[in-house]
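Report on the structure
Here's the letter readout for the chains.
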Amino acid sequence: MHRRELLRGAAALPLLALPALPSPEAAAQEAAPKAPRTGPAPRPRAHLARVRPGDPGWPSEAGWQKLKDAVGGNLIAVHSLFAACEKEPGAAACREATENIHNPFYVGDQPAGTQVSGWLDAWTPAPSVYAVKATSSAEVAAAVNFAREHRLRLVVKGGGHSYQGTSNAPDSLLIWTRAMNQVRLHEAFVPQGCSGNSQAVPAVSAGAGAMWIDLYNAVTTRAGRYVQGGGCTSVGVAGLVQSGGFGSFSKGFGSAASGLLEAEIVTADGRVRTVNACSDPDLFWAIKGGGGGSWGVVTRLTLRTHELPALFGAAWGKIRAQSDEAFRRLLTRFFDFYAASLFNPHWGEQVKIGSDHTLELSMVSQGVDREHSRQLWQPFFDWIRASPGDFKVIDELGAGAKGSRDWWQIEGNHSMIPDKRAGAAPDHGWWEGDQGQVGAFLHGYDSLWLPATLLRGEERQRLVTALLAGSRHKQIELHFNKGLAGAPPAAIAAALDTATNPHVTEAFALAIIADGEGAAYPGMARPAMDLEAAHRDARAIERATAELRKVAPDAGSYVSESNFFNKRWQQDYWGEHYPRLRSVKKKYDPESLFFVHHGVGSEDWSADGFTRLA
Ligand SMILES: Cc1cc2nc3c(=O)[nH]c(=O)nc-3n(C[C@H](O)[C@H](O)[C@H](O)COP(=O)(O)OP(=O)(O)OC[C@H]3O[C@@H](n4cnc5c(N)ncnc54)[C@H](O)[C@@H]3O)c2cc1C
């Protein structure tokens with residue numbers, strides 16, 4: 001699987017009314033997972049166990065009807081993406097799913113849509129029994145109260161981009177925020193209740209169902225300002241902010257969570273709260289990076305906007321070293337160049353260090369003009385071209401820049417794929433480089449923050465040695481924009497005021513080691529998976545990660561781009577913040593109505609979130 005291959009083209013310019021409700025038994029059958037899961041789901045027996053369809057406590061049809069009335073009719077039965085194909089392969093609904101499954105906006109428009117089609121031995125997409133397709137915080141509150149009163153397994157979904165599968169669960173009730181996608185700009189925003197001690201700042205408010213492309217269109221393309229969000233355009237705003245969240249230019253502007261000024265959230269008690277630095281500051285802090293799906297249902301977010309740099313740009317190319325020794329020299333030279341010239345707020349995104357002695361550049365810049373960018377990269381490019389016996393240029397090397405306001409413009413942007421479905425928003429599209437990820441089935445995935453100390457003096461050779469050793473097993477991606485060392489002091493200070501592991505501020509990059517294969521949704525017509533090869537792949541990812549851990553043993557890992565099987569997740573995701581997050585969880589959600597895999601407090605529950613262990 002290839003992650004974002006960034007923007008070469010761009011910068012190279014001259015760059016439901018509830019249908020007749022199925023019976024509980026039919027609903028249970030529909031919701032049952034169709035592919036192997038990690039083990040048999042325990043039946044709820046104990047106090048504080050949750051109920052499944054068929055259990056005595058499962059709501060009656062009259063009960064569901066009451067919920068439907070309370071949510072303005074927005075209660076729908078959920079069917080898996082390829083349910084129609086399983087019933088009747090020639091049906092129009094099956095054709096529609098098959099034709100659109102590689103469009104992330106189509107996947108996001110389906111109540112059962114997950115942007116990842118599963119993870120080997122970890123999880124398989126499984127639809128909820130019902131979903132509340134919420135249009136207001138009052139409807140969300142009604143759904144939260146219903147789930148709490150009936151002891152249901154509750155799931156929250158926005159953009160559906162959870163790698164860890166935390167926005168779908170069988171036998172559950174889903175609160176789906178997709179329809180709450182309004183975006184509004186503020187010239188001077190002061191968080192509620194903060195007027196005495198907070199300066200008014202330009203900001204943008206978004207409903208929880210908005211995607212980043214909706215904000216980039218409103219804030220940058222139309223209004224000429226900047227908001228810090230994520231790289232992938234179809235990722236949900238609420239999910240990413242609760243992850244911490246990094247975009248291409250985070251080295252300049254910090255994490256997305258750092259920019260949060262206020263949120264509206266429905267907590268487990270059904271209250272609609274406006275939280276900010278002045279009201280429920282502990283919950284506000286937890287939402288900023290404490291992980292999605294653990295705190296309540298966020299219904300609206302307000303984020304600071306920034307002055308837009310005049311130019312965004314990129315540097316690109318791919319080089320193959322002809323020997324082990326040449327590969328070491330290539331990486332050494334690159335990190336010398338990175339440490340001297342790129343380790344600053346202007347440069348982000350990635351390089352890929354391949355198992356085939358390749359170094360692929362997919363870097364982006366902000367606030368650097370084309371001429372300056374070219375001059376900066378020229379000595380490195382000249383050094384490579386001077387030794388054709390050692391280094392082969394596989395993809396042309398280059399650097400450039402363009403007007404920042406057009407960066408997310410879909411029309412005329414060769415790096416963007418427009419959503420061409422009838423009736424689709426004309427300003428919705430996704431980066432060409434993200435296509436490979438749409439619907440991917442993961443064999444394995446891991447990440448670790450590499451401390452900036454590894455760039456210093458002799459440490460740099462240890463870093464190169466570890467990258468060489470690791471890349472023998474699997475390609476390693478370094479996402480410079482997801483480590484905040486080198487960012488402006490204000491961005492670092494803001495990140496330290498979030499729940500994200502503080503190690504992020506000392507890391508020059510997030511290393512990501514991941515692989516998988518194309519879409520493999522349950523019920524989808526495709527060749528049988530080669531499970532032996534997939535397991536081999538997973539082991540290769542483990543080995544590559546282990547090599548990097550030798551030089552960064554306490555590195556920490558990014559909660560939303562990390563290993564499903566991470567055993568020390570509390571420490572890796574949140575570091576010293578974990579005890580504080582636990583106490584916020586106890587205060588606002590003592591019964592863990594909001595449960596996700598490896599979310600704060602999830603250690604008290606069975607893996608499926610149905611039975612309390614302690
Ligand atoms: C293809 C792809 C590209 C990605 N690119 C980036 C990137 O560039 N930068 C980056 O930092 N991360 C990236 N991620 C990770 C992504 O930020 C997280 O997975 C994020 O949580 C996704 O949010 P979502 O709403 O799209 O997903 P969902 O699966 O809908 O939600 C993710 C989690 O947040 C919870 N959640 C969602 N909405 C709410 C809400 N309103 N209230 C409470 N909880 C909620 C869900 O319950 C779930 O646990 C990417 C992931 C994928 C699959």
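Residues numbered from 1 in each chain as written. Predicted model: local features only at pLDDT ≥ 70, side-chain atom pairs only at ≥ 80, totals over all residues. Heavy atoms only, no water.

Section: the state of the cysteines
- Inspection of the entire model under this criterion finds 2 disulfides.
- The residue that forms a disulfide with cysteine 85 is cysteine 94, at a sulfur-sulfur distance of 2.1 Å. Because the torsion about its S-S bond is 105 degrees, the bridge between cysteine 85 and cysteine 94 counts as right-handed. The pair cysteine 85 / cysteine 94 is uniform in exposure class, with both members buried.
- One disulfide in the model links cysteine 194 with cysteine 278; its S-S distance is 2.0 Å. Of note, the bridge from cysteine 194 to cysteine 278 carries an S-S torsion of about 125 degrees and is right-handed in sense. Of this pair, cysteine 194 sits in the loop between β6 (183-189) and β7 (201-207) while cysteine 278 is found in the loop between β10 (272-276) and α11 (281-287), placing the two residues 84 residues apart along the sequence.
- According to the relative accessible area criterion, cysteine 194 is buried, its value standing at 2%.
- Take the cysteines of the chain that form disulfides and number them in order along the sequence; they join up as 1-2, 3-4. (Disulfide = S-S within 2.5 Å. Buried < 20%, exposed > 50% of the residue type's maximum accessible area, 1.4 Å probe, protein only. Helix = DSSP H or I, 4+ residues; strand = E, 2+ residues; numbered from the N terminus.)

Digging into the environment of threonine 611
- Considering the arrangement of structural elements, one finds threonine 611 in the segment after α18 (578-588).
- Taking the relative accessible area as the measure of exposure, threonine 611 reaches 13% and is therefore buried.
- Spatially, the C-alpha atoms of threonine 611 and arginine 153 are 9.9 Å apart, while their sequence positions differ by 458 residues.

Digging into the sheet that holds strand β11 (residues 297-304)
- With antiparallel pairing, the 5 strands of this open sheet are ordered in space as β6-β7-β11-β9-β10. Because the sheet does not close on itself, it has two edges, and the strands there are β6 and β10. On average, each strand axis in the sheet is inclined to that of its neighbour by 20 degrees, with strand direction left out of account.
- Direction of pairing for strand β9 (residues 260-266) relative to β11: antiparallel, over a ladder of 6 bridges. Within β11, the position partnered with glutamate 262 by the bridge is threonine 302. (Pairing = 2+ DSSP bridges. Axes fitted to C-alpha atoms, helices over the stretch in contact; angles between N-to-C directions.)

Some words on the pattern of salt bridges
- For the structure on display, the rule yields 29 salt bridges.
- For lysine 587, the salt bridge goes to aspartate 282, with nearest N and O atoms at 2.8 Å. You can see lysine 587 sitting in helix α18 and its partner aspartate 282 sitting in helix α11, a full 305 residues away along the chain.
- The exposed category is assigned to lysine 587, whose relative accessible area is 53%.
- Among the residues examined, aspartate 282 registers a relative accessible area of 18% and is labelled buried. (Salt bridge = Lys/Arg side-chain N within 4 Å of Asp/Glu carboxyl O.)

Some details on the packing of aromatic side chains
- Evaluation of the coordinates by the stated rule reveals 44 aromatic pairs.
- Ring geometry for phenylalanine 82 and tyrosine 521: centres 6.2 Å apart, planes at 35 degrees, overall tilted. Pair noted here: phenylalanine 82 is in the loop between β1 (75-77) and α4 (83-87) and tyrosine 521 is in the loop between β21 (507-517) and α16 (531-551), with a separation of 439 residues, a long-range link. Tyrosine 521 shares its class with phenylalanine 82; the two are buried. (Phe/Tyr/Trp six-rings, centres within 6.5 Å; stacked < 30°, edge-to-face > 60°.)

A word on the nonpolar core
- If you look at the biggest cluster of nonpolar residues, it comprises 75 residues, and the most contacted ones within it are Trp212, Leu215, Leu303 and Trp408.
- Among the nonpolar cores identified, the runner-up in size contains 51 residues, and Leu361, Ile384, Ala399 and Ile476 belong to it. (Core = buried A, V, L, I, M, F, W, Y, C linked by side-chain atoms within 4.5 Å.)

Structural notes on the pairing of β9
- Judged by how many residues are buried, β9 sits mostly within the fold: 7 of 7 residues are covered.
- Where β9 meets β10, 5 bridges bridge the pair, whose relative direction is antiparallel. Each residue of the ladder has a partner; that of alanine 263, found in β10, is valine 275.
- Where β9 folds back onto β10 in an antiparallel hairpin, the turn is made up of 5 residues, including glycine 270, whose phi is positive at roughly 85 degrees.

As for the site of the ligand
- In the region of the ligand, 34 residues are neighbours, and Val156, Gly158, Ser167, Phe246 and Tyr558 sit closest.
- In this structure, a nitrogen atom belonging to the ligand sits 3.4 Å away from a side-chain N or O atom of glutamate 561.
- Contact with the protein chains hides 97% of the accessible area of the ligand, taken as 950 Å² for the molecule alone.
- Mapped onto the shell around the ligand, the elements with two or more residues apiece are β4 (153-157), α9 (237-243) and β11.
- For the shell around the ligand, the element with the highest residue contribution is α9, accounting for 5 residues.
- Residue composition of the shell around the ligand, by class: 13 nonpolar, 19 polar and 2 charged. (Near = heavy atom within 4 Å. Polar contact = N/O pair within 3.5 Å; in protein donor to acceptor, adjacent residues only side chain to side chain. Areas by Shrake-Rupley, 256 points an atom, 1.4 Å probe, with all protein chains shown as cover. Nonpolar A, V, L, I, M, F, W, Y, C, P; charged D, E, K, R; others polar.)

A look at the packing of helix α14 (residues 459-473) against α16
- Look at α14 against α16: their axes get within 7 Å of each other, and the N-to-C directions meet at 170 degrees. The orientation of α14 with respect to α16, classified from their angle, is roughly antiparallel. Taken together, the residues of α16 that come into contact with α14 (itself represented by Arg462, Ala466, Leu467, Ala469, Gly470 and His473) are Ala540, Arg543, Ala544, Glu547, Leu548, Lys550 and Val551.
- For the contact of α14 with α16, the residue count by class is 7 nonpolar, 2 polar and 4 charged. (Parallel < 35°, antiparallel > 145°, perpendicular 65-115°, else oblique. Contact = heavy atoms within 4.5 Å.)

A short note on helix α13 (residues 370-385)
- In a regular helix each residue adds 1.5 Å, so 16 residues correspond to 22 Å; α13 covers 21 Å between its end C-alpha atoms and thus fits that length.
- At glutamine 378, α13 is deflected by roughly 40 degrees, the largest bend along its length, and proline proline 379 occurs up to four residues later in sequence.
- When α13 is considered as a whole, its buried residues turn out to be Ser373, Leu376, Trp377, Phe380, Phe381 and Ile384.
- Tucked inside the fold, the buried residues of α13 contact β13 (311-321), α12 (324-342), β14 (347-353), β15 (358-366) and β16 (391-403).
- A side-chain oxygen of the first residue of α13 lies 3.1 Å from the backbone nitrogen of glutamate 371; this N-cap is aspartate 369. (Expected span 1.5 Å × (residues − 1). Bend = angle between axes of the 7 residues up to and from the residue.)

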